[in-house]
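If you want the building blocks of each chain, they are given just below.
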Amino acid sequence: MPATRKRILVTGGAGFLGSHLCERLVSAGHDVLCVDNYFTGSKDNIAALIPNPHFELLRHDVCFPLYVEVDEIYNLACPASPIHYQHDPVQTTKTSVSGAINMLGLAKRLRAKIFQSSTSEVYGDPSVHPQTEDYRGNVNPIGPRACYDEGKRCAETLFFDYHRQHKLRIRVARIFNTYGPRMHPNDGRVVSNFIVQALKGESITIYGDGKQTRAFCYVDDLIEGFMRLMGAADDVTGPINLGNPVETTVGELAQRIIELTGSRSKIERRPLPVDDPVQRCPDIARARSLLGWEPSVPLETGLKRTIAYFDRLLAEGRATSAIAAAK
Ligand SMILES: NC(=O)c1ccc[n+]([C@@H]2O[C@H](COP(=O)([O-])OP(=O)(O)OC[C@H]3O[C@@H](n4cnc5c(N)ncnc54)[C@H](O)[C@@H]3O)[C@@H](O)[C@H]2O)c1
């Protein structure tokens, strides 16, 4: 048990990242309140925690005010993959903006420290590589991704205004592509897509020529970054990039997954979707110097663990669409 057991609220705690964070916080000896409306999250993700007396679960939509007593807040609630956030774009913006206002209001009342899971999408289709936190981005405000990108940008604005105006202790992490067990099997994200297609022996769909790069961070590394940022001195507000700076092309990733699954899948090419960034890679110098953080799990190790998870999910017949399940 830590020197001081804290009461910690995790919004979006039944999602991919949230469930790993809840686990880490409970095992670090804290009391965790997980708040989720199950739009893309699932009770399966936190099933192992439910019997634990230091874990509580509340069905709630962050677009509405919440009155609870906690010491720290991690605000993760928001659908994160294009398929999910474009399903109901107005709700996506509401979740980012109203959700941030409600959680910041709660933090202000409680004088609680609050963490925002922002995203590399605030950089849009970047014209500088790798992206440093000073880069202001290249976002199309009226495109199909804007509900997410601009919602997250506005949430960052709110966090910094609450910090300047109300002296709130804030932490803003700009998260880059993260993968690992409990990703949604049908969320259209490249790692989950490729693994599920490879395991089913279906063609692996690559959008564009496959030369676009992505940098993939394993979930355990990312959660370590969250905890270090939350535990850092109060002048470390962020924004701070958290992600893996090792770039891989989408084509290479497909090849690695085919090898690791021993699949016979073929590669199928489709046109690039609108506003899809060609290259995305974090500069993590700030995280290295301020948090002493950098990813340590190699892609192959992380992929093997993720493949094992999806293999189990498919065997249990649980790989259905998260949106269909949420309806
Ligand atoms: N996974 C990544 O690679 C990545 C990258 C950048 C940023 N992020 C951010 O991290 C956070 C978590 O992402 P994730 O990958 O775990 O996605 P996820 O979809 O698995 O988790 C989001 C969770 O929020 C819940 N939620 C959505 N709207 C809500 C609402 N209005 N009220 C309450 N709960 C709501 C969902 O049900 C789900 O459990 C998100 O804020 C996302 O923007 C993730």
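Let us look at the structure shown here.

Concerning the overall build of the protein chain
Scanning the protein chain for helices and strands turns up ten helices and 13 strands. A compact globule built from 327 residues would reach a C-alpha radius of gyration of about 20 Å, and the protein chain, at 19 Å, matches this within 12%. Sequence-distant contacts, at least 24 apart, represent 82% of the contacts inside the protein chain between residues at least 6 apart. In the structure as shown, the protein chain presents an accessible area of about 14000 Å², 51% of it carried by carbon and sulfur atoms.

Quick notes on the nonpolar core
Counting 59 residues, the largest nonpolar core has Tyr74, Val191, Phe194, Phe226, Leu253 and Leu291 as the members making the most contacts within it. Of all hydrophobic cores here, the second largest spans 26 residues; its members include Ile73, Ala155, Phe159 and Leu168.

Some words on the pattern of salt bridges
Scanning the entire structure with this criterion turns up 20 salt bridges. For Glu268, the salt bridge is made with Arg270, and the minimal N-O distance between the two is 3.2 Å. For Arg270, a relative accessible area of 37% gives the class partly exposed. We note a salt bridge from Lys304 to Glu300, for which the minimum N-O separation is 3.5 Å. Placement of the pair is Lys304 and Glu300 together in helix H9 (residues 299-315), with a separation of four residues, close to one helical turn. Take Lys304: its relative accessible area is 47%, and that puts it in the partly exposed class.

Considerations on the pairing of strand E2 (residues 31-36)
Most of E2 sits out of view: five of its six residues are buried. Pairing geometry for strand E1 (residues 7-11) and E2, over five bridges, is parallel. Directly across from Arg7, in E2, lies its bridge partner Asp31. Chirality of the crossover, the property in question, places the unit of E1, helix H1 (residues 16-27) and E2 among those that are right-handed. Bridge count between E2 and strand E3 (residues 55-59): five bridges; the pairing is parallel. When the sheet's bridge partners are listed, Val35 is paired in E3 with Leu58.

Some details on the packing of helix H3 (residues 89-110) against helix H4 (residues 146-166)
Where H3 meets H4, the closest approach of the two axes is 8 Å, and the angle between their N-to-C directions is 15°. If you check the angle between H3 and H4, you find them roughly parallel. Helix-helix and strand crossings are classified by hand; for H3 and H4 the assignment is right-handed. Of the residues in H4, those in contact with Pro89, Thr92, Thr93, Ser96, Val97, Ala100, Ile101, Leu104, Gly105 and Lys108 of H3 are Cys147, Tyr148, Gly151, Lys152, Cys154, Ala155, Leu158, Phe159, Tyr162 and His166.

Details of the sheet that holds strand E6 (residues 170-175)
Strand pairing in a sheet relies on backbone hydrogen bonds. The paired strands run either parallel or antiparallel. Taken together, seven strands build an open sheet; the order of strands is E3-E2-E1-E4-E5-E6-E11 and the sheet is parallel. Two strands lie at the open edges of the sheet, namely E3 and strand E11 (240-242), each paired on one side alone. When the angles between neighbouring strand axes are averaged without regard to direction, this sheet yields 20°. Of the strand pairs in this sheet, E1 and strand E4 (residues 72-75) are connected by four bridges, and their pairing is parallel. Bridging across to E4, Thr11 finds its partner in Asn75. In the packing of H1 onto the sheet, the strands contacted are E1, E2, E3, E4 and E6, and the crossing angle to E1 comes to about 170°. Here H4 sits on the sheet in contact with strand E5 (113-119) and E6, set at roughly 155° to E5.

Reading the values: rules and limits
- Residues numbered from 1 in each chain as written.
- Predicted model: local features only at pLDDT ≥ 70, side-chain atom pairs only at ≥ 80, totals over all residues.
- Heavy atoms only, no water.
- Helix = DSSP H or I, 4+ residues; strand = E, 2+ residues; numbered from the N terminus.
- Rg over C-alpha atoms; globule rule 2.2 N^0.38 Å.
- Contact = heavy atoms within 4.5 Å.
- Areas by Shrake-Rupley, 256 points an atom, 1.4 Å probe, with all protein chains shown as cover.
- Core = buried A, V, L, I, M, F, W, Y, C linked by side-chain atoms within 4.5 Å.
- Buried < 20%, exposed > 50% of the residue type's maximum accessible area, 1.4 Å probe, protein only.
- Salt bridge = Lys/Arg side-chain N within 4 Å of Asp/Glu carboxyl O.
- Pairing = 2+ DSSP bridges.
- Right-handed = clockwise from strand over helix to strand, strands pointing away.
- Axes fitted to C-alpha atoms, helices over the stretch in contact; angles between N-to-C directions.
- Parallel < 35°, antiparallel > 145°, perpendicular 65-115°, else oblique.
- Left-handed = near helix turned anticlockwise from the far one by under 90°.

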